[in-house]
Amino acid sequence: MTHPLIDQLTLEEKASLVSGATFWTTRAVERVGLEAATLTDGPHGVRMQTAGADQLGINDSHPATAFPTAAALGSTWDAELLEEIGRALGAESRRLNVDVLLGPGVNIKRSPLCGRNFEYFSEDPLIAGTLATAWVKGVQSQGVGASLKHYAANNQETDRMRISAEVDERTLREIYFPAFETTVKQAQPATLMCSYNRINGTYASQNHWLLTDVLRGDWGFEGYVMSDWGAVADPVAAVAAGLDLEMPSSGERGPKAIVQAVQAGTLDETVLDKAVSRILTTHDRLRAARSETGFEPQAHHELARRAAAAGSVLLKNQDGLLPLSPEEGGRIAVIGEFALTPRYQGAGSSHLNPTRLDDALTAIQAATSREVVFEAGFRLEDTDQEDADVLLAAAVEAAGEAEVVIAFLGLPDAEESEGFDRTHLALPASQLQLLQALRQTGTKIVVVLSNGSVVTLGEVNDAAAAVLEMWLGGQAGGSAAADILFGVTEPEGRLAETVPHRLQDTPAFVNWPGNEGKVVYGERVYVGYRWYDTTGQDVAYPFGHGLGYTTFSYSDATVTVADPTVAAAVVEVTVTNTGQRAGAEVVQVYVADPVSGVDRPQHELRAFAKVRLAAGDSQRVRLELDERAFAFWSSQGSSPGWRVEPGEFVVEIGASSRDLRHTESITLDVAVPPVELGAESTYEEWATHPQGQKVLQEFFDGLGEAGSLWRDPETAKLLGNMPMRSLLSFSGTTDIQGTISGLLERVAQAG
Ligand code: GLC
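Predicted, not measured: the structure shown is a model, and the values here were computed from it. (Residues numbered from 1 in each chain as written. Predicted model: local features only at pLDDT ≥ 70, side-chain atom pairs only at ≥ 80, totals over all residues. Heavy atoms only, no water.)

**Thoughts on the domain arrangement of the protein chain**
- Its domain assignment divides the protein chain into domain 1 (6–288), domain 2 (309–535), domain 3 (552–668) and domain 4 (683–750).
- Relative to domain 4, the C-alpha centre of domain 3 lies at a distance of 43 Å. (Domains from an automatic or database assignment.)

Structure representation (structure tokens):
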């Protein structure tokens, strides 16, 4: 629909509106009373810069709540919590007069090496799409727009502004698109941000198939598409492809090129009008929905604290070492610089200025009457050997005199960030060396990790009785750590990204980070647990894994298919808290398709629900599986799309991808879409086609003796895989194309 202002705007004014005015604002046109809009980062908190704009969070920004990063929020598996955080982010955006908050990031974690994995939710598109939908609904409830990013296939930082992601369509549709598709269909984000990279050779910023055919044609997106900052190579091609706003401002370069293109007739002015209309209509809609601008920083801090615990994953807890008693017991040695200097957010465009920052050491000291000592143990930056030795010796001495060690380890900022990828998955050598020395003391060790993406845990597992993965837990992560360690709250998280034993085991290992400007997604749909579970590979900790402080049983599971001719099922199971204290459980439902016309992963997460139960309580959990829970994307024939094949499916209910409590086979009797016959169709496809079969029979009958050969069942079986064009040439047909066309016409008439 054309915005009413369009007719009042000159060509030059319209061309200026599809390019930013500054680093963070769109253009105003005072002559017609059009205001500028302010766009700013980011997914974990509002980075409204005070002065001087930069892209990577170097300059100061107004204080705002630093919530846990997406890696932690992804581990909550809790859409309600994400919507609550979205509302808080929207309120903080309103207070700082931000019109569009540039998040959430939903790119799939193709490899743990990606420097920006801290900013993304999961290796699985269902988690990413479900949580992003909630985040967007929360932010937009305040009249602030979201910007779903980075669309699409931006799964590495290496050469991100030029590299071409070489991905087959089925892999895009099943793995890299669904988080965008789900969020667009269920939350209608005000904007989408296109990615820097090319997709199969064409920049996302000027990829008509991506920005118009798929995003608007298939999914019904109604907002506007902005570029990532500096992602537009050709402003005219970008507008023509469906990119509505080039950010940041390209000065007069973009507008001038667009005016010239319209005047030269190489860009249709109606295309420009559509882009301008989308921007103006979207901003009008946001302004009309604006909430009040107040919020209580302390309340948001407490929300961040709750969220940090909800996303913390207790990977190991040998002999129930955790939770520690806050009163009973001997000295606690807190070791590791991260206890004093928290690593709580990622580097780059999402980096912000928190309203306050809790360190774990202070929180631990406040939470217990037991004696607490602290040693840094290592430096966050490189230091000389003498200094390192002194730090280590002091830590070892403290550990030797304590009843329990809490070691705060993780990745320093220098190891992972927007803008570059990691080259290995190990913790820094200085920390591993420290851990080995601590292990020699014989004192029990709890390891608390702060890292944006997965680290290999071999040595950690060998040395520690308990391992708590807190990711980058936000400004209140230190307090959340103390809450968990002393049992004030439970670690509620479940892994949204598999922890492999080795980098070499990861699915993208031989296709990373690409060569000579191309990165081939050779693992196709086998990303994360889809790879490890299909190849039967052992992992350190599986997707969906996480321990709590209580236990749960699953009973009376049912899988109901109301009508086998319709691809849908209802899964129900009773979950009971069989432990001594309240706790949270994430019920996960996976679907397997053991017999299929295409290769498929061992199983795929198709539904999940988080439940919180008091000790002894039970809840009947109900989860629905829709058609897409059984479907795969088929690119075959002239009408590619989602296909469900009839036959057996296995529905698995579990507490992780490898802790399956109930599996049940179901049979779907859905209609088989007829194969689209053509010159390349095989004899078997013709002979089993509803109309083709009869037409073929009549054809061979018409050949008299020459056709008798094909009526023999053995022959049919022997030659079933032969394309018709070959069969016809064998039967002496001269005009093969003409014959096939004639047969196809008769099939169409019979249809
Ligand atoms: C960056 C990021 C994007 C961010 C934008 C503005 O390059 O890729 O996520 O929103 O620029 O800072």
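**A word on the side chain of E157**
- Here E157 is to be found in the loop between strand 3 (145–151) and strand 4 (164–166).
- Of the residues examined, E157 reaches a relative accessible area of 2% and is grouped as buried.
- Beyond its immediate sequence surroundings of up to four residues, E157 is in contact with G115, R116, S417, E418, G419, F420 and D421. (Helix = DSSP H or I, 4+ residues; strand = E, 2+ residues; numbered from the N terminus. Buried < 20%, exposed > 50% of the residue type's maximum accessible area, 1.4 Å probe, protein only. Contact = heavy atoms within 4.5 Å.)

**A few points about the nonpolar core**
- One finds F121 and Y151 to be the most contacted residues of the largest nonpolar core, which totals 78 residues.
- When residues of this core are assigned to their parent elements, the largest contribution, eight residues, is made by helix 4 (residues 125–140).
- One finds A333, L392, A407 and L449 within the second-largest nonpolar core, a separate group that totals 68 residues. (Core = buried A, V, L, I, M, F, W, Y, C linked by side-chain atoms within 4.5 Å.)

**Concerning the packing of helix 4 against helix 6 (residues 178–187)**
- Direction vectors running N to C along helix 4 and helix 6 enclose 35°, while the axes themselves pass 8 Å from each other. Along this stretch, helix 4 crosses helix 6, giving a crossing that reads as right-handed. Contact residues: P125, A128, G129, A132, T133, V136, K137 and Q140 in helix 4; P178, A179, T182, T183, Q186 and A187 in helix 6. (Axes fitted to C-alpha atoms, helices over the stretch in contact; angles between N-to-C directions. Left-handed = near helix turned anticlockwise from the far one by under 90°.)

**As for the sheet that holds strand 18 (residues 583–592)**
- The strand order across the open sheet built from four strands is 19-18-23-24, with neighbouring strands paired in antiparallel fashion. A single partner strand is all that each edge strand has here, and the edge strands are strand 19 (604–613) and strand 24 (659–668). On average, each strand axis in the sheet is inclined to that of its neighbour by 20°, with strand direction left out of account.
- Two elements, strand 18 and strand 23 (residues 647–656), share five bridges in a ladder whose sense is antiparallel. Directly across from Y590, in strand 23, lies its bridge partner E652. (Pairing = 2+ DSSP bridges.)

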